[in-house]
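Commentary on secondary and tertiary structure
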Amino acid sequence: MKVLVTGGAGYVGSTCTAVLVEAGHDVTVVDNLTTGSREAVVDGAKFVEADAGEAADELLANGNFDGVIHFAARSLVGESEQVPDEYWRDNLGTSLQLLEAMRRHNCNNLVFSSTAATYGEPTKVPITEDAPTNPTNAYGATKLAIDYAIASYCRGYKLGATSLRYFNVAGAYGTIGENRRIETHLIPLVLQVALGHRDKIMIFGDDWPTPDGTCIRDYIHIRDLADAHLLALASNTPGKHRIFNLGSGDGYSVNEVIAACRKHTGHPIPAEVAPRRAGDPAVLVASSEKIQEELGWNPTRTDLDTIVQDAWAFTSQLGDRAYSAGKR
Ligand code: UDP
């Protein structure tokens, strides 16, 4: 297949690009490199440095693409509450430009990178796809709004689309892993302590209504996540919008994650309890039964030990290339 990948220089997009190329697809990545990195894009993919929304029309007019996987987005929850205008423009605005370009140039196969943040505070766990959607931050709201736009393009213009709602993506695949200029995620931050780039990890609250008092999340391995995109792309049907959760069905507390990182790094990883982080739900765990049943998705690396081992194998070889190295 000839596939356009927007945001294919980011952590998730570049992993998916690598897996697409390995599977023999002809891949073009468009990315403006505001958060992504050019080196993360595998050699076998073509690369266009541009804003995905602005470039979409020209790319789709001339590219003859069979499908699009849309990752390009801003994705920091806290930041989205501080500069919501930027999130609505960069997430919803870009997606609308892309949808229009796809419609105009008769490309009707889309996979959209969505998030558990569309659900907000869960009313029951594990979260199924029919759970209420009440996002608690602008990031989740922009992704939910895009889902509504996609659904109406499917009804009105026979687009075939799948929205994949990720829970906590982590781990690494070969030379691709988490190495962001601004890091806010638990596992890479804990591993930065093991690297010696941070003194300690702050635990955001130990008074949550959970067995050990720390928040529980559902961690999914980046390689398993990438597989789901290929399955979705291969099975979209014109006129239909599908939504699938991507998680493991198992929850791990912040303390359990830190313990797993201690085990696999051999580092004591000092931790300190800090106040709760605004907007954090106590427990987020996905049911991914729907995608397993309907698409045959079969996660093979999604267990905490494999995730942490792979993340550490990647992080520990970064050396000076780690963005955190500069923060010593
Ligand atoms: N967390 C933490 N300390 C940190 C970063 C995160 O205690 O330095 C907690 C956070 O409150 C949440 C969990 O770890 O309960 C996972 O957070 P992350 O930012 O990785 O993902 P999120 O669940 O927000 O998408």
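Residues numbered from 1 in each chain as written. Predicted model: local features only at pLDDT ≥ 70, side-chain atom pairs only at ≥ 80, totals over all residues. Heavy atoms only, no water.

1. Things to note about the overall build of the chain
From N to C terminus, the chain includes 10 helices and 14 strands. On C-alpha atoms alone, the chain measures out to a radius of gyration of 19 Å, which is about the 20 Å that the 2.2 N^0.38 rule sets for 328 residues. Its C-alpha atoms put the chain at 55 × 45 × 40 Å along the principal axes. The proportion of buried residues among the 328 residues of the chain is 54%. Residue pairs at least 24 apart in sequence account for 78% of intrachain contacts in the chain once pairs closer than 6 positions are excluded. (Helix = DSSP H or I, 4+ residues; strand = E, 2+ residues; numbered from the N terminus. Rg over C-alpha atoms; globule rule 2.2 N^0.38 Å. Buried < 20%, exposed > 50% of the residue type's maximum accessible area, 1.4 Å probe, protein only. Contact = heavy atoms within 4.5 Å.)

2. Notes on the sheet that holds strand β9 (residues 216-217)
Strands pair in a sheet through their backbones, by hydrogen bonds, and they do so in one of two ways: parallel or antiparallel. Strands sit in the order β12-β9-β14 across an open sheet of 3 strands; the sheet is mixed. If you trace the sheet from one side to the other, it starts and ends with β12 (252-253) and β14 (283-284), each paired once. Relative to β14, β9 runs parallel, the two sharing 2 bridges. In the strand pairing of β14, Arg217 is matched with Leu284. (Pairing = 2+ DSSP bridges.)

3. Description of helix α5 (residues 138-157)
In this model, α5 (20 residues) spans 28 Å end to end at C-alpha, consistent with the 28 Å of a helix rising 1.5 Å per residue. Count one or two residues on from α5 and you reach Lys158, which has phi positive near 65°. (Expected span 1.5 Å × (residues − 1).)

4. What to know about the packing of aromatic side chains
Counted by the stated rule, this structure contains 1 aromatic pair. Measuring from centroid to centroid gives 5.1 Å for Tyr153 and Tyr157, while their planes differ by 65°, and the two rings are edge-to-face. Here the residue Tyr153 and the residue Tyr157 both occupy positions in helix α5, the gap between them amounting to 4 residues, near one helical turn. Accessibility expressed as a relative area gives 46% for Tyr157, which makes it partly exposed. Its guanidinium or amino end placed over the ring of Phe65, Lys2 lies 5.2 Å from that ring's centre, counting from NZ or CZ. Note that Arg276 overlies the ring of Trp208, its terminal NZ or CZ placed 3.9 Å from the centroid. (Phe/Tyr/Trp six-rings, centres within 6.5 Å; stacked < 30°, edge-to-face > 60°. Lys NZ or Arg CZ within 6 Å of the ring centre and 35° of its normal.)

5. Notes on the pairing of strand β1 (residues 2-6)
Across the 5 residues that make up β1, a large majority, 4, are buried. Here β1 runs beside strand β2 (residues 26-31); their pairing, made up of 5 bridges, is parallel. Within the sheet, the bridge partner assigned to Lys2 lies in β2 and is Asp26. With helix α1 (residues 11-22) bridging β1 and its parallel neighbour β2, the resulting β-α-β unit is right-handed. With 4 bridges joining them, β1 and strand β4 (residues 67-70) adopt parallel strand pairing. (Right-handed = clockwise from strand over helix to strand, strands pointing away.)

6. Here we look at the pairing of strand β11 (residues 241-246)
The two faces of a sheet get side chains in turn, since along a regular strand they alternate between them. Among the 6 residues of β11, 5 are classified as buried, and the element is accordingly described as predominantly covered. Pairing between strand β6 (residues 160-166) and β11: 6 bridges, direction parallel. Bridge pairing in β11 links Thr162 to Arg242.

7. Observations concerning the site of the ligand
Neighbouring the ligand are 15 residues; Leu186, Met202, Arg217, Arg277 and Asp280 lie closest to it. Contact between the ligand and Leu186: an oxygen atom at 2.8 Å from a main-chain N or O atom of the residue. The side chain of Asp280 places a nitrogen or oxygen atom 2.4 Å from an oxygen atom of the ligand. Contact with the protein chains covers 88% of the free accessible surface of the ligand, which is 510 Å². Counting only elements with at least two residues in the shell around the ligand, the list comes to α6 (186-195) and β8 (201-204). Per-element tally for the shell around the ligand: the top contributor is β8, with 4 residues. Considered class by class, the residues forming the shell around the ligand number 9 nonpolar, 3 polar and 3 charged. (Near = heavy atom within 4 Å. Polar contact = N/O pair within 3.5 Å; in protein donor to acceptor, adjacent residues only side chain to side chain. Areas by Shrake-Rupley, 256 points an atom, 1.4 Å probe, with all protein chains shown as cover. Nonpolar A, V, L, I, M, F, W, Y, C, P; charged D, E, K, R; others polar.)

8. Considerations on the packing of α6 against helix α8 (residues 254-265)
Look at α6 against α8: their axes get within 10 Å of each other, and the N-to-C directions meet at 40°. Between α6 and α8, the interaxial angle falls into the category oblique. Between α6 and α8 lies a crossing of right-handed hand. Taken together, the residues of α8 that come into contact with α6 (itself represented by Leu186, Ile187, Val190, Leu191 and Ala194) are Val254, Val257, Ile258, Cys261 and Thr265. When the residues that make up the contact of α6 with α8 are grouped by side-chain class, the tally is 9 nonpolar, 1 polar and no charged. (Axes fitted to C-alpha atoms, helices over the stretch in contact; angles between N-to-C directions. Parallel < 35°, antiparallel > 145°, perpendicular 65-115°, else oblique. Left-handed = near helix turned anticlockwise from the far one by under 90°.)

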